[in-house]
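Coordinate inspection notes
What follows is each chain in one-letter form.
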Amino acid sequence: MSAAIRRLVSEQLSADTQIAGMLASYNGAPALFYQKSPSDSRCGWGDVRYPRVDFNVDMRHDPERRTAGILTANIWCTTECQAVGELDPDRAIEQRVIELVSGTFYTGDGQENICAEWDRSDEFAYEGGSNTQDNTAPEVYGLTMVFLLMEFPVQLSVAPDPVQGLNAWMKQHFPSMTVIAYDAMPPVWKPTDENPAVYWRFEGTASTSRQSYAVTWFTGTFAAHIIAESVTERNKWIKAMIERAQLDGEVILHDTSPMFINKIMVRHGADPLRDGQISLTGQYGVLAQHRKESAQPKLMHPYYNKAKEG
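Below is a summary of the structure that appears in this document. Model, not experiment: these values are computed from the prediction.

We now examine the state of the cysteines. For the structure shown, the criterion picks out zero disulfides. Cysteine C81 shares no disulfide, and the gap to the nearest cysteine sulfur, in C77, comes to 4.7 Å.

Quick look at the packing of helix α5 (residues 162-173) against helix α6 (residues 231-248) now. Closest axis-to-axis distance for the α5/α6 pair is 12 Å, and the angle between their directions is 105 degrees. As judged from the angle between their axes, α5 and α6 are roughly perpendicular. Here α5 contributes W169, M170 and H173 to the contact with α6, which in turn contributes M241, R244, A245 and D248.

This paragraph deals with the environment of S14. If you trace the backbone, S14 turns up in helix α1 (residues 2-14). Considering only alpha carbons, one finds S14 and L32, 18 residues apart in sequence, at a separation of 7.1 Å. With residues near it in sequence (within four places) discarded, S14 still touches P30 and L32. Reaching out from S14, the side chain makes a polar contact with the backbone oxygen of S10 at a distance of 2.8 Å.

This part covers α1. When the terminal C-alpha atoms of α1 are compared, their 18 Å separation across 13 residues agrees well with the 18 Å that a helix rising 1.5 Å per residue should span. For α1, every residue scored as buried is listed here: A4, I5, L8, V9, Q12 and L13. For α1, the arc enclosing every buried residue in end-on projection is 150 degrees, short of the 170-degree limit, so these residues lie on one face.

Let us look at the sheet that holds strand β6 (residues 105-107). If you trace the seven strands from one edge of the open sheet to the other, you get β3-β4-β5-β8-β7-β6-β10, paired in mixed fashion. What marks the edges here is a single partner per strand, and that holds for β3 (32-34) and β10 (188-189). Contacts from α1 reach β3, β4 (52-59), β5 (69-78), β6, β7 (113-126) and β10, with the element oriented near 155 degrees to β4. Contacting β4, β5, β6, β7 and β8 (140-151), helix α3 (residues 89-101) crosses the sheet at an angle of about 10 degrees to β8.

Put simply, Y50 and P51 share a cis peptide bond, and its omega is 0 degrees. Relative to the helices and strands, P51 is located in the loop between β3 and β4. Despite not being glycine, A181 has its phi angle at roughly 65 degrees, a positive value. Residue position: A181 is located in the loop between β9 (178-179) and β10. A relative accessible area of 12% places A181 in the buried class.

Moving on, we come to the pairing of β8. With eleven of twelve residues buried, β8 lies mostly within the body of the structure. Pairing of β5 with β8 involves ten bridges; the strand directions are antiparallel. Bridge pairing in β8 links T78 to V140. As judged from the twelve bridges shared by β7 and β8, these two strands associate in the antiparallel manner. Bridged to Y126 within β8 is V140.

This part takes up the pairing of β5. Along β5, nine of the ten residues are buried, which leaves the element largely enclosed by surrounding structure. Two strands pair when backbone bridges link them, and β4 and β5 are joined in this way by eight bridges, in the antiparallel orientation. Note that in β5 the partner of V53 across the bridge is I75.

Between two aromatic rings, the relevant description is the distance of the centres plus the angle of the planes. All chains considered together, the criterion is met by 13 aromatic pairs. Where F33 meets W45, the ring centres are 5.9 Å apart and the plane angle is 65 degrees; that geometry is what we call edge-to-face. Taken together, the positions of F33 in strand β3 and W45 in the loop between β3 and β4 put the pair twelve residues apart, joining distant regions of the chain. The same class applies to F33 as to W45, namely buried. These aromatic residues form a ring-pair network of at least three members: F105, F152, W189 and Y199. Stacked on the ring of Y34, the Lys or Arg R6 has its end atom at 4.4 Å from the ring centre. Just above the ring of Y50 sits the side chain of R52; from NZ or CZ to the centre is 4.1 Å.

Across its 18 residues, α6 extends 26 Å between first and last C-alpha, which sits within 8% of the 26 Å expected from 1.5 Å per residue. Buried within α6 we find R234, W237, I238, M241 and A245. Buried residues of α6, seen end-on, are gathered within an arc of 105 degrees and therefore sit on one face of the element. What points out from α6, more than 90 degrees from its buried face, is the exposed set T232, Q246 and L247. Backbone geometry just downstream of α6 places G249 in the positive-phi region, at approximately 75 degrees.

Analysis parameters
- Residues numbered from 1 in each chain as written.
- Predicted model: local features only at pLDDT ≥ 70, side-chain atom pairs only at ≥ 80, totals over all residues.
- Heavy atoms only, no water.
- Disulfide = S-S within 2.5 Å.
- Axes fitted to C-alpha atoms, helices over the stretch in contact; angles between N-to-C directions.
- Helix = DSSP H or I, 4+ residues; strand = E, 2+ residues; numbered from the N terminus.
- Parallel < 35°, antiparallel > 145°, perpendicular 65-115°, else oblique.
- Contact = heavy atoms within 4.5 Å.
- Polar contact = N/O pair within 3.5 Å; in protein donor to acceptor, adjacent residues only side chain to side chain.
- Expected span 1.5 Å × (residues − 1).
- Buried < 20%, exposed > 50% of the residue type's maximum accessible area, 1.4 Å probe, protein only.
- Arc of directions from axis to C-beta.
- Pairing = 2+ DSSP bridges.
- Phe/Tyr/Trp six-rings, centres within 6.5 Å; stacked < 30°, edge-to-face > 60°.
- Lys NZ or Arg CZ within 6 Å of the ring centre and 35° of its normal.

Structure below.
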């Protein structure tokens, strides 16, 4: 997955004309590199060698689903780099990279969905002199940007699948929303207020005391992550979703069985990427296996009983 993320991020940043206009050029392309940039003495550079950007992707396992990895980007500038408007060149590049990457979903060939979220930026400086004083290389400085990578895996299972039922219910009532890990996702995509994203996550399940001959009942807990550009529009979508769920009272699953909605709770202060703002509890049934009928006792001495009757 890291290779797919690396390729998609590189293509996204390289294709942006604003980023290209702020970076130096190497072999005719924007000075954007994976892991490490070429040395200043390489022939691919022109007269201008800075600003430049290099980045790295590190994936990791997190059972609590806090992060699936980290994307690190280094912005390198020198004292000779020109300001961009009222911003220093490193801050201008940082601002544009955040606009492009933070909140963007990257979908690999295997349909893995990763969202990047900007975490922090740290300044750094390299020792160096000044061309005007001692004829040495100019001072190099810049920023290290850290993005957290959140995974949104496919959670579909076997029928009756409550997550699949919730996803289909969302598309029925809110067709303008993109359902993550259910709809076909483009390789690089960012939710908007007009086209927000929703992700249903299965938090857990437990069996209930309600049993019958044909059905075993379970209570499942699900979290809905609603992602939009603005908090105002995000809250509007949340309100519309919980009102629709309350009116319906149930969600019809793929096998046409109902999942009854028992409880809905909204957490406006929850993180849309990590926790989700809606908690839904529903009760659904699974068909029980056919019970084996007990064998009848053998008839003892059939011939004796027949002769006795005669």
